[in-house]
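Residue-level structure breakdown
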Amino acid sequence: MLEIPCPWCGPRNESEFVCAGEADRKRPSDPEAETEEAWADYLFNSTNPKGVVREWWWHVSGCTRWFQIDRDTVTHEITPVEESSK
Amino acid sequence: MKRFSIFSLARNALTGHRHWEKMWRSPDPKREYDVVIIGGGGHGLGAAYFLAKEHGITNVAVLEKGWLGGGNTGRNTMTVRSNFLREDSVPFHEMSLDLYHQLSRDLNYNLMVSQRGMITFIQSSAANRVALQMANTMHIYGAEYRMLTLDEVKQKIPIFDPSPDMRLPVRGGVYQPRASMVRHDAVAWGFARAADARGVDIIQNCEVTGIQQENGAVTGVETTRGLIKARKIGMAVAGHGSVVASMVGQRLPITTQPLQAWVSEPVKPVLNEIVVIRSYYGTYLMQSDKGEIVVGQGCDPYPSYAQRGTFPIIEDATTSMLEVFPSFGRLKLLRHWAGMLDIPYDGSPIISKTNTRGFYIDVAGSGGFKTTPAAAKTFAHLIAKDTPHPLAEKLGLERFSSGRLIQEGGVSANR
Amino acid sequence: MTRLANGGVIDRQRPLHFTFNGKRYQGYEGDTLASALMANDVLIVGRSFKYHRPRGILTCGPEEPNALVQLVSDGDQPNLRATEVPLREGLEARSVNCWPSAKFDLRAINSFLAPLFPAGFYYKTFMAGRWDFYSRFIRQAAGLGRSPKERDPGRYERVNHHTDVLVVGAGPTGVQAAKVLAESGRDVMVIDMQASPGGHLLFHSCQIDSQPGVEWVSQAAVELRDRKNVTWLQNTTATGYYDHNMVIAVEHEPAESWLRERLWHIRAKKVVIATGAVERPLIFPGNDRPGVMLADAVARYIQRFAAVPGKSVVIYTNNSTAYAHLETFKAAGIEIQGVLDLRESLSETELGLASKSKVPVVVNSRITGVQGRSAVKGVTYQDESGIKTLSCDLVCHSGGWNPLIHLYSHAGGRSRFDQESAAFVPGERAQGAYSIGGANGTFSLGQGLKEASEIANLLFGEKSDDSASSALAVPVTEGEVSYRIDEIWPEKGLKGKAFVDFQNDVTTADISLAVRENFRSIEHVKRYTTAGMAVDQGKIGNPNVIGLVSRELDQEQTSVGTTTFRPPFAPVSFGVIGGNERGLLIIPARTTPMTDWNIANGAAMDEAGANFRRPFFFPRAGESMEDAVAREATAVRTSCGIYDGTPLGTFELHGPDTAELLNRLYTNRFDNLPVGRGRFGLMLREDGRLFDDGVTFRVDETRYLMSCGTGAAGAVYAHIDRLLQTEWIDLKVYLVNVSAAWATMCVCGPMARKVLDKLESDIALDPSFRFLDFRDGTLEGIPVRLARVSYTGELSFEVNVARRSALKLWTILIDAGKEFGITPVGSETSGVLRIEKGFISPGHEGDNITNPFDAGMGWIVDMTKPDFIGKRSLLRDMRLGGERQHVVGLLPDDERAAVADGSALLPAQQELSRSGFQGHVTAACFSPTLKRTIALGLLKDGQSRHGEKVIISGLENSCPATVSAPVFYDPKGERMRG
Ligand SMILES: Cc1cc2nc3c(=O)[nH]c(=O)nc-3n(C[C@H](O)[C@H](O)[C@H](O)COP(=O)(O)OP(=O)(O)OC[C@H]3O[C@@H](n4cnc5c(N)ncnc54)[C@H](O)[C@@H]3O)c2cc1C
Ligand SMILES: [Zn+2]
């Protein structure tokens, strides 16, 4: 059971959250300008790094806010992300 | 390679077992190979074996960063089956089962294929519909998948004792008689021994740290044991797909997540079939030849390379197990562990060329032990001929840019 | 009977009677089963796994590999360690895995066939034919105890606990650390697996601060337990250390009598691991014979239980700790034949202890054999002058100590081999785990206490204030033998069976064989030989395996490394892991205000998604499911039905940008929807596949009410919320899930208006109230929102009402509808009605692969909108073209054919064949309205195949059918608009 630091509620058990994927996956502002390759990359691919990843978490059973954290996928160490650096 | 048999055992018994050969050599890497396979799990070792056996390519090295089979191959729950939903999945998985049933002989190594049959409980009308769809599709490909009434389920599993107020009452089951358990270590070791005997160099403690290319084609790999040149490179590193593919700048449609499994202390046989309680967390369980109850369920719900999971997964699965096998409350959890799975977006294996010439990938996917022989065989075909094997034609990366996914995600839990 | 007249913690006033392997014995309150057996001179307690060699008790704790029993008295419980089973009156136990008895076991024949069963022999034979056949016999022989047959009657509890520091182990070092931490004002939790605090001091005499060690500990414990900031649990085993400093612990025999065990989830900021060490065996031929025991264990039996396992002992050691026992053994009346020491020389202290007890010591000696098969008769040993023998009935050996680094390793900490203590000790740290004392390889008590104080002070990076300094002083110890060890391994090619894993019968020869066959990694050796894989998980044996492998490979032990320590530290019952959540508690079932009414009115219930149970159909006496569904469907088509639609998801969206948001979410437009009206909308996933559909109303300029499918509601909510909070943060829209605030009932059928007309209402139901209009008002004084939507294809009113009024209104409607034959309708019936109408269900026809054009829903896709979720992927589909599966209707030739959902579609004239797959039936039913079987399906290129024949191939039967458009009833939709 990971302990996720919600910026609004403080540290809470992982079971209250949904891990919602990599934060650098951004929907293209003009999808039709994307090539098929680039569109497929957005839809399906991920960086999936071994190491620190910035990701979205959703406090669905809490304040229902989405927020970002930096999480090390090897040690599971978590560093909160400052609101301003998003 | 000296053949194993009951006679070789008897002969060696007389000499105090002092004369057994090495199972495989431990050569130093050569400077150059025709093919380098990255990853010494079942998929990589199997691909090397089929390259040598079916394509006559023997100047091959398998590079393993740790010990053979130390990845998911040596951690999985040993279930092989072919109950899948899509026309592009079923024949591939059927071929794998066929291969499993003949490999012990071919490899001269006992893979301990124990045909137990798998029963998936049906606990809702939606589950019933999916089971029927699967059964009918499988039927077309000659794979038996049978609906069982509740009484038939009870007959097959005498200790099945659902609580009377079950949240999702078991209405019956669906049964694949040919689903089996296969000794996981034996798969890695059997392939390794047979590949080694055909000249393949198996090199352990050799991590690939970079891939060299020229003009969009691979030329070799950088490893912790030096540079090794190669004309072709096959990646079979389940759980590290994104890491290795990123060495050629290839992004993959996968996430890497922990999958846990655990066993009870061994007891005398009580459970013959492999049982899946899909509607509760996808929990599944079976009894190993050693007598342990082996249990697993879905992945931990976040990406991780840590090879460990969290305890609530085990608590949930245990709750659902006790709902149908309440007598197991007094059995004890002996050991639990995790591996990490490269889970493709659509839940189906990826066996594919890439944008880099000579770089081929085999992403075993979420339940890749069962596919080991078929993936190995078709991967070897792809590497040798540079065109996909007919049964793996649809498994390439192209399916993502064309949007023609092979959607098994909803159905194939990870076992 | 070998029980001392005095001493130990047993209560001699309270004798207990018990049965072991069918024979009656007597022990005392305070005994374990093992100590009681020992006091009764029961030597053979079990058989080994592979060779079925007779085995006796080896240890005194949870690490016991041999004394595994099936407890029969308190429900069936397999594989309990006799060393851990508290004795009770009437206890009944049996040895596991032997037949007919532990004393005479027929499978001991395996012992004679042993040469045929080297490590890994399975891999080398049985290749031909089916392993199934052989494995049936092998499985019978495998396994230890038998699984219980009855439901586990035990009650369990799972709790959470948060603390600053968790101290695991209430031995002297753990207690010292707890003292310091408690003094500094931190929240401290102390857990210990024994019944009382003290750790190894319970068994060994030693002075702390001029007090007997045990007393010092118990006094400290008493003081600590009284403090507000301390939580103290005995009988509690920490079993695993997980991410973010979560430790799982199991409390055995909690104070509550109704409770069998309690599972603790402990979240600590730091964890102090003071779990001590366990003794490791020496490797010598016959080291598994009954009567060969670990030296420390024997001392424990004597000190704690006054049980004496022999009369005449030979001690065999490579380290100093055995010398500390000499006094104890002597005092218990055991004649010490001598100490055989592998080392070349002894320290002053060791020599002093030996001469004080007048015990002969032979240095540089090693045991070459143990005499006696089922009881020790003596040993042969070799020293500088040759081979000699000594008679004895007990051999005590000590190969040094294994720090319990399990929890440290679970946390992710590394281990390293420490030459001086000849043990794997904690290395690089992970998380907040700190090992101290024996668990840290610090085998001196004085050193351990110092370490405890230091670590405790350091944990939070601050010193405590002076007022507490007296408690912080490091206690002074006396009477210790300082630890000295020389690791000396048996010579290669040792004759006779010397065991490294007792339970799995792994010998030195097996290890050599594995290495000879080129299994070089320690993990390979473990797997090939099964060393360390028995139920003791290698707690005592693994270091010996590592040592042997390092010698075979000529490698340092550090580079050989340990196998991974996998949780749990000690086996944990599934009962306590799973807790008591059963039945409805396993996944809470959601209900609607009408659930009770539905059940009372005979509904057959079914899962409806999102954990709702809803009526499937309402069978009347004597009705089959088909009958009931036909009756309900006919009522809807000809008179009136009523349907509980509460499980549908309902979201309120408001804010200035709501129309824009909806335009981007749905394939069609919502900005031009007039206030007071609703529109059917289709939502795609970004990959262009059907996601959800439903009707959305415009309540006012900036406020919409969206409804979506029950099963999809959670996903739809997540989808919209994600887009609003992460992608389109500039859109000003509030999203509120109001599903649980509303109840919904659908009155449908040609008489629907008549039913509603009977109620007192301020809502005009005249033709100006058009299809897809909604109106707010009251029905019989109850505020409602009335909407004209139809999921059945008939004239239909959806009544939305606050939950608290729902049941009242429902019964009013039922009463009002009586004269029109109002009929409650279940989900199976509404399924039939939707198939007749050809309404697409994303969960059925979507199948994760269908786009709206495949589904014939191009009419609702506005490709001229600048963007919507899924549009880009639809463009891709259109550009790439190629064969796709389309939604079609299917009319079987046999109008009464039974067609199962999921049946495959094959080309006509073609029997089952590998290339035949054309698609499948997504939903089929017998249509009571059309009086024939109809089906919807996904068929390759189906839209161009209307009129063609295909075969519907089910598991039981197959039948030819004609492909048609996927709508069978009222294609123009006149009835629902009516
Ligand atoms: C708990 C669990 C239970 C499972 N149960 C089942 C089941 O019942 N049935 C089923 O079909 N599947 C199951 N699976 C999935 C299955 O185990 C895997 O899909 C399958 O074993 C993958 O085989 P592989 O050879 O591709 O990968 P692996 O066996 O993981 O081999 C990949 C190897 O690549 C090596 N490697 C990685 N990076 C490098 C590098 N840079 N250089 C060199 N070497 C590298 C790794 O060390 C590893 O040994 C389970 C998985 C887990 C974790
Ligand atoms: Zn929050």
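Provided above is the structure to which this section pertains.
The sections below set out a description of the structure shown in this document. Counting from 1, residues in each chain are numbered in the order their sequence is written. Chains and ligands are labelled by the order in which they are written, letters from A for the one and numbers from 1 for the other. Given that the model is predicted, a residue must reach a pLDDT of at least 70 before its local features are reported, and side-chain atom pairs must reach 80 or more before they are shown or counted; all residues, however, enter totals for whole chains, interfaces and linings. For side-chain calculations, the full set of non-hydrogen atoms in the structure is used, while hydrogens and water are omitted.

Observations concerning the site of ligand 1
Residue and element names in this part refer to chain B. Near ligand 1 you find 40 residues, and of these Glu64, Asn72, Thr73, Thr77 and Lys370 are the closest. Here Lys65 contributes a backbone N or O atom positioned 3.2 Å from a nitrogen atom of ligand 1. Methods summary: accessible areas were calculated by the Shrake-Rupley approach with a probe of 1.4 Å, and residue burial reflects only the protein chains presented. Its free accessible area being 1000 Å², ligand 1 has 98% of it covered by the protein chains. Looking at the shell around ligand 1, the element that brings in the most residues is strand 12 (residues 254-264), giving 3 residues. By convention in these notes, a residue is near a molecule or strand provided one of its non-hydrogen atoms lies within 4 Å of it. Any N or O atom pair separated by 3.5 Å or less is treated as a polar contact, with the protein-specific requirement of one donor-capable and one acceptor-capable atom, and with residues adjacent in sequence counted only for side-chain atom pairs. Helix and strand labels come from DSSP, where a helix needs a run of H or I of at least four residues and a strand needs a run of E of at least two; each type is numbered from the N terminus.

Considerations on the packing of aromatic side chains
Only rings of Phe, Tyr and Trp enter the pairing, Trp through its six-membered ring, and a pair is recorded when the two centres are within 6.5 Å. The plane angle decides the type: under 30 degrees is stacked, over 60 is edge-to-face, the rest tilted. With the rule as written, the count across this model stands at 42 aromatic pairs over all chains. Between the aromatic rings of Phe133 of chain C and Phe137 of chain C, the centroid separation amounts to 5.6 Å while the plane-to-plane angle is 75°, which identifies the pairing as edge-to-face. Within this pair, Phe133 of chain C and its partner Phe137 of chain C are both found in helix 3 (residues 131-141), separated by 4 residues, close to a single helical turn. Exposure remark for Phe133 of chain C: the relative accessible area of 45% places this residue in the partly exposed category. Among the residues examined, Phe137 of chain C registers a relative accessible area of 55% and is labelled exposed. Among the aromatic side chains, those forming a connected cluster through ring pairs are Phe4, Trp20, Trp24, Tyr109 and Trp189 of chain B together with Tyr123, Phe519 and Tyr528 of chain C. Taking the ring centre of Trp728 of chain C as reference, the NZ or CZ of Arg664 of chain C above it sits at 4.8 Å. Each residue is placed in one exposure class: buried if its accessible area under a 1.4 Å probe, protein chains only, is under 20% of its type's maximum, exposed if it is over 50%, and partly exposed if it falls in between. To sit over a ring, a charge needs its Lys NZ or Arg CZ within 6 Å of the ring centre and within 35 degrees of the ring normal.

Focus on the pattern of salt bridges
All names here are of chain C. Within this document, salt bridges are pairs made up of a side-chain nitrogen of Lys or Arg and a carboxyl oxygen of Asp or Glu, the two lying within 4 Å of each other. In total, this model carries 83 salt bridges over all chains according to the counting rule given. Between Lys124 and Glu517 there is a salt bridge, and its shortest N-O distance comes to 2.9 Å. Here the residue Lys124 occupies a position in the loop between helix 2 (109-113) and helix 3, and Glu517 occupies one in the loop between helix 13 (508-516) and helix 14 (522-529), the gap between them amounting to 393 residues. We note that Lys124, like Glu517, is buried. Here Asp773 ties to Arg677 by a salt bridge, and the two come within 2.6 Å at their closest N and O atoms. A residue pair is termed long-range when its members are at least 10 positions apart, and Asp773 in the loop between helix 22 (752-757) and strand 42 (774-779) and Arg677 in the loop between helix 20 (658-665) and strand 37 (678-684) qualify at 96 residues. With respect to burial, Asp773 and Arg677 carry one shared label: buried. Look at the salt bridges and you will find they share partners, linking Arg53, Arg55, Asp288 and Asp505 into a network.

Points about the interface of chain A and chain C
Working rule for contacts: check all heavy atoms of both residues, and any pair within 4.5 Å makes them a contact. In this assembly, 24 residues from chain A lie in contact with 24 residues from chain C. Here the quantity called buried area is the accessible surface, traced with a 1.4 Å probe, that two parts lose on coming together, added over both. Buried surface at the junction of chain A and chain C, both sides included, amounts to about 2300 Å², of which 46% is carbon and sulfur. Its largest share of buried area at the contact with chain C, chain A owes to Arg27, Glu36 and Trp66 of chain A, together 30% of the area lost on that side. There are 7 salt bridges connecting chain A and chain C. The salt bridge involving Arg267 of chain C is made with Glu3 of chain A; its shortest N-O contact spans 3.5 Å. At the junction of chain A and chain C, the tally comes to 22 residue pairs in polar contact (both at pLDDT 80 or more). The dominant element in the side of chain A that touches chain C, judged by the number of residues it contributes, is helix 1 (residues 36-44) of chain A, at 5 residues. In the side of chain A that touches chain C, the residues fall into 11 nonpolar, 5 polar and 8 charged. Note on residue categories: nonpolar means Ala, Val, Leu, Ile, Met, Phe, Trp, Tyr, Cys or Pro, charged means Asp, Glu, Lys or Arg, and polar means any other residue, Gly included.

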